[in-house]
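Secondary and tertiary structure notes
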Amino acid sequence: DQQDHEDSHRNATLHSHSLPEDKSPVHYQYKGCYIMTAVKSGLMVIDQYRADVRIRYEQCLAQLQARSAETQQVLFPEVVQFRASEQPLLERVLPRLSAIGFELTDLGQGSYAVNGIPTGLDGLNYVQLLHDMVTDAVNSSGDSMDDLNSTLALSMARHVAIPQGQVLSNDEMENLVNELFACSNVNYTPDGKLILSILPQQDIEKLLG
């Protein structure tokens, strides 16, 4: 009910604003890119892609830590070929790819058959995703296990997040907002990009004179 919906948001912080208890459950999508909703202090604007990157990042990170991802088998396995320069890091990366749902079989010479992929990746180019994840890991400045997990989680999140321009139903927008405010950080993506902003009520009034 409405009270439960309001209570679920009380602990989220937006800069110096707390998500108000009278937040409207109705959202408006602007140009397939932004979710707009009225809050007590004005109008909240959420970048839907960046919001989903944050959501997917935290989900993937949790799966890496718990090794809890589900795998779906591929009917016609494709082969992914990694560069020689990436081979030294593969020993560290492959167990983490397995932890988030990839099932790879070593064919030798840097080639791997992709027999299984994380559940929910239907329609995505998972061979390109694997290439990009390993490339990002190679180019990462961090060397610790946490740094590697974070890099892989962000790379995965960028690929699977809702793209800009995708039209969402009101239920989909509501779910996205709810999942965002369940994240540890609602304001910024893992790489520091702003997810949301609030246009204050007084600024709206000034626009209208």
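As a starting point, this report considers the structure included with it.

Scoring rules and cut-offs
- Residues numbered from 1 in each chain as written.
- Predicted model: local features only at pLDDT ≥ 70, side-chain atom pairs only at ≥ 80, totals over all residues.
- Heavy atoms only, no water.
- Helix = DSSP H or I, 4+ residues; strand = E, 2+ residues; numbered from the N terminus.
- Buried < 20%, exposed > 50% of the residue type's maximum accessible area, 1.4 Å probe, protein only.
- Pairing = 2+ DSSP bridges.
- Axes fitted to C-alpha atoms, helices over the stretch in contact; angles between N-to-C directions.
- Contact = heavy atoms within 4.5 Å.

Turning our attention to the overall build of the protein. Helix and strand counts for the protein come out as seven helices and nine strands. Here the protein, with 209 residues, has 42% of them falling under the buried criterion.

Let's shift gears to the sheet that holds strand E4 (residues 34–39). If you walk across this open sheet you meet the four strands as E3-E4-E5-E9, and the pairing is antiparallel. The open sheet has two free edges, formed respectively by strand E3 (28–30) and strand E9 (196–200), since each of these has just one partner strand. Ignoring which end each strand starts from, the neighbouring axes of this sheet average 30 degrees apart. Here three bridges tie E3 to E4, and the two strands are oriented antiparallel to one another. When the sheet's bridge partners are listed, Tyr28 is paired in E4 with Met36. Each of E3, E4 and strand E5 (42–47) is contacted by helix H2 (residues 48–66), which is oriented at about 65 degrees to E5, the strand it contacts most. In this fold helix H6 (residues 170–180) packs onto E3, E4, E5 and E9, with an angle of close to 75 degrees to the strand it touches most, E4.

The analysis is restricted to geometry; functional conclusions fall outside its scope.
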